[in-house]
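# Architecture and fold: a report
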Amino acid sequence: MKLYSYFRSSAAYRVRIALNLKGIEHDIQFVNLLKSEQLAQPYLDKNVQGLLPAIETEDGVLAQSLAILEWLDESYPQTPLVYGSAWQKAQIRNISYAVACDIHPVNNLRVLKYLSNELSVNDEAKNKWYRHWVEVGFEKIESMLSEDCDFCVGDKPSLADICLVPQVFNALRFNVDMAAYPKIAAIYARCNALPAFNEAAPQNQRDAV
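Read on for a plain summary of the structure. (Residues numbered from 1 in each chain as written. Predicted model: local features only at pLDDT ≥ 70, side-chain atom pairs only at ≥ 80, totals over all residues. Heavy atoms only, no water.)

A few words on the overall build of the protein chain. In terms of helices and strands, the protein chain carries nine helices and four strands. For the protein chain, the sequential pattern of α-helices and β-strands runs β-α-β-α-β-β-α-α-α-α-α-α-α. Reported as C-alpha extents along the three principal axes, the dimensions of the protein chain are approximately 45 × 45 × 30 Å. By the burial criterion, 45% of the 209 residues in the protein chain qualify as buried. Relative to all contacts within the protein chain whose residues are 6 or more apart in sequence, the contacts with residues 24 or more apart total 68%. Taking the average location of the 20 positive side-chain charges in the protein chain and that of its 25 negative ones, the two points are 4 Å from each other. (Helix = DSSP H or I, 4+ residues; strand = E, 2+ residues; numbered from the N terminus. Buried < 20%, exposed > 50% of the residue type's maximum accessible area, 1.4 Å probe, protein only. Contact = heavy atoms within 4.5 Å. Lys, Arg positive; Asp, Glu negative; His and termini not counted. Charge placed at Lys NZ, Arg CZ, Asp CG, Glu CD.)

Applying the stated criterion to the full structure yields seven aromatic pairs. Where Tyr6 meets Phe7, the ring centres are 4.9 Å apart and the plane angle is 65°; that geometry is what we call edge-to-face. Each member of the pair, Tyr6 as well as Phe7, carries the same accessibility label: buried. A ring pair is formed by Trp71 and Tyr76, whose centres lie 6.1 Å apart and whose planes are at 80°; its orientation type is edge-to-face. The class for Trp71 is partly exposed, based on a relative accessible area of 24%. Directly above the ring of Tyr83 sits Lys156, whose terminal nitrogen or CZ lies 4.6 Å from the centroid. (Phe/Tyr/Trp six-rings, centres within 6.5 Å; stacked < 30°, edge-to-face > 60°. Lys NZ or Arg CZ within 6 Å of the ring centre and 35° of its normal.)

Turning our eyes to something else, we now look at the pairing of strand E2 (residues 27-30). Relative to E2, strand E1 (residues 2-5) is paired through four bridges, and the arrangement is parallel. When the sheet's bridge partners are listed, Tyr4 is paired in E2 with Gln29. As a crossover connection, the stretch from E1 through helix H1 (residues 10-22) into E2 is right-handed. (Pairing = 2+ DSSP bridges. Right-handed = clockwise from strand over helix to strand, strands pointing away.)

Mapped onto the secondary structure, Tyr83 falls in the loop between helix H3 (65-75) and helix H4 (86-103). For Tyr83, a relative accessible area of 8% corresponds to the buried category. Sequence separation of Tyr83 and Asn204 is 121 residues, and the distance between their C-alpha atoms is 28 Å. Excluding its chain neighbours within four sequence positions, the residues that come into contact with Tyr83 are Gln88, Lys89, Ile92, Val153, Gly154, Asp155, Lys156, Pro157 and Ser158. Here Val153 takes part through its backbone oxygen, which lies 2.8 Å from a polar atom of the side chain of Tyr83. Separated by 2.6 Å, the side chain of Tyr83 and the backbone oxygen of Lys156 make a polar contact. (Polar contact = N/O pair within 3.5 Å; in protein donor to acceptor, adjacent residues only side chain to side chain.)

Looking now at the nonpolar core. Core analysis: the largest hydrophobic core is formed by 53 residues, its most contacted members being Phe138 and Ile184. For this core, the elements supplying multiple residues, two or more each, are H1, H3, H4, helix H5 (109-117), helix H6 (123-144), helix H7 (159-173), helix H8 (182-192) and helix H9 (195-200). Ignoring any residue separated from it by four or fewer positions in sequence, one finds Ile184 in contact with Phe138, Ile141, Glu142, Leu145, Leu164, Val168 and Met178. Phe7, Val31, Leu33 and Leu52 belong to the second-largest nonpolar core, a separate cluster that totals eight residues. (Core = buried A, V, L, I, M, F, W, Y, C linked by side-chain atoms within 4.5 Å.)

To continue, consider the sheet that holds E1. Strand-to-strand pairing in sheets goes through backbone hydrogen bonds, with the strands running parallel or antiparallel. Pairing within the open sheet is mixed, and its four strands lie in the order E2-E1-E3-E4. Every interior strand has two partners, whereas the edge strands, E2 and strand E4 (60-63), have only one. Put simply, the sheet's adjacent strands are angled 25° from each other on average, direction ignored. Of the strand pairs in this sheet, E1 and strand E3 (residues 54-57) are connected by three bridges, and their pairing is antiparallel. When the sheet's bridge partners are listed, Tyr4 is paired in E3 with Ala54. The strands that H1 touches are E1, E2 and E3; relative to E1, the one it contacts most, it runs at about 150°. (Axes fitted to C-alpha atoms, helices over the stretch in contact; angles between N-to-C directions.)

Overall, the coordinates contain four salt bridges when judged by the stated rule. One salt bridge connects Glu56 with Lys46, and the closest N-O pair in it is separated by 3.0 Å. Remark: Lys46 occurs in the loop between helix H2 (41-44) and E3 and Glu56 occurs in strand E3; sequence separation between them is 10 residues. By relative accessible area, which is 22% here, Glu56 ends up partly exposed. Overall, the relative accessible area of 34% leaves Lys46 in the partly exposed class. Notably, a salt bridge pairs Asp123 with Lys126, separated by 3.6 Å at the nearest N-O pair. Of the two residues, Asp123 and Lys126 are both situated in helix H6; the distance of three residues between them amounts to about one turn of the helix. (Salt bridge = Lys/Arg side-chain N within 4 Å of Asp/Glu carboxyl O.)

The analysis is restricted to geometry; functional conclusions fall outside its scope.
Spelled out as structure tokens, the structure:
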């Protein structure tokens, strides 16, 4: 199994965490987003969307991080990412989608590049844009979290934590004040104490610069 990844891609970061949690052997092929390698034909031949991540399996190439994570969970049921009752599974997905569908799409690299290159938005305004949408999303997620749980939902990491941790990493890069979100910050710290999360962190990737 081969994962196409970039060290600071939060979507690829999610998949790296999941592969580690499940103990799945894999190789990583680095695709440099800053050099637009995802738009070069060799990668487009693998993933027509030209986005990261993608995962190459015996059955073919699968893109979109949430689709990959659901496929991994069904194909490798050890250490499930979505677990518990039907209600708990729904809560896990609820938080996951709040990150992956509401916060991340308006703040990913291609959106930020468009703001800079096409709309001539300066760095200060662009960073303000980033922080605004993270803060709007985190305020809602913070209210959804229970103080009785060590992780987003329950007593062990789930798909929700896998989505949340990379978003917090990016929030810190853009100077979001995490003091406003103590439950999110505590979950982030607990997750990063686990080898599966720590080893997947951007600063620990071989392509980190």
